[in-house]
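Chain and residue survey
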Amino acid sequence: MAAPALPSPSLSHIVPISATDLILDRAHFGEDFAQDAPRAEQQVLAATQKPVAAATLGATVTGTPAWKQFPTWYQIATADRMIPVAAERAMAARARTVELGTGHAAMVSRPVHTAQLIERAATGR
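Rules used in this analysis
- Residues numbered from 1 in each chain as written.
- Predicted model: local features only at pLDDT ≥ 70, side-chain atom pairs only at ≥ 80, totals over all residues.
- Heavy atoms only, no water.
- Axes fitted to C-alpha atoms, helices over the stretch in contact; angles between N-to-C directions.
- Helix = DSSP H or I, 4+ residues; strand = E, 2+ residues; numbered from the N terminus.
- Parallel < 35°, antiparallel > 145°, perpendicular 65-115°, else oblique.
- Left-handed = near helix turned anticlockwise from the far one by under 90°.
- Contact = heavy atoms within 4.5 Å.
- Buried < 20%, exposed > 50% of the residue type's maximum accessible area, 1.4 Å probe, protein only.
- 1 Å grid on protein atoms, 1.4 Å probe; cavity = no way out; pocket = protein on both sides within 12 Å on 5 of 7 lines; lining within 4 Å.
- Points joined across faces, edges and corners; volume = space filled by probe spheres on them.

Digging into the packing of helix 1 (residues 26-33) against helix 2 (residues 39-48)
Packing of helix 1 against helix 2 leaves a shortest axis separation of 9 Å and a crossing angle of 120 degrees. Between helix 1 and helix 2, the angle falls in the class oblique. Seen along the crossing, helix 1 lies across helix 2 with a hand that is right-handed. Packed against helix 1, whose contacting residues are Arg26, Phe29 and Gly30, the element helix 2 presents Gln42, Leu45, Ala46 and Ala47 at the interface.

See the structure below:
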């Protein structure tokens, strides 16, 4: 099974590990997923990543999305190599946002900023 064609060049590093599951190639994990995290942390993340079901990458969302019913917050990673920033901004169009000059794994490389966003969401600020 081949990885699906996706918009980000980094996503070409997604590889099948079974007929239904994909992972990000460990050799490219750090540069693609957590480029601003320390190397040792990149290696741990690469080694412990969980597979994603290939079907989810093209799945149609059904039902009413939570963001239409509840206030939402979104952290846009402006240096993300997995999700194009324009796509992140589109997904966050109805959310309260914060933009960070970080990669996809902001919760690892910017834990304080991520925790602050979670706190804002929890308190409704």
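Digging into the environment of Val85
When you line up the elements, Val85 lands in helix 3 (residues 85-91). On the basis of relative accessible area, Val85 is assigned to the buried category, the value being 18%. Taking the C-alpha atoms as reference, Val85 lies 10.0 Å from Glu99; in sequence the two are 14 residues apart. Sequence-distant contacts of Val85, that is, excluding residues within four places in its chain, are made with Ile76, Ala77 and Thr78.

Comments concerning the layout of surface pockets
Of the pockets and cavities examined, the second largest pocket occupies roughly 150 Å³. Together, Tyr74, Gln75, Ala77, Asp80, Ile83, Glu88, His104, Ala106 and Met107 line the second largest pocket. Every element with two or more residues in the lining of the second largest pocket is listed here: strand 4 (73-77) and helix 4 (106-109). Sort the elements by how many residues they give to the lining of the second largest pocket and strand 4 lands first, with 3 residues.

A closer look at the side chain of Gln42
With respect to the helices, strands and loops of the structure, Gln42 is situated in helix 2. Gln42 sits in the buried class, given a relative accessible area of 9%.

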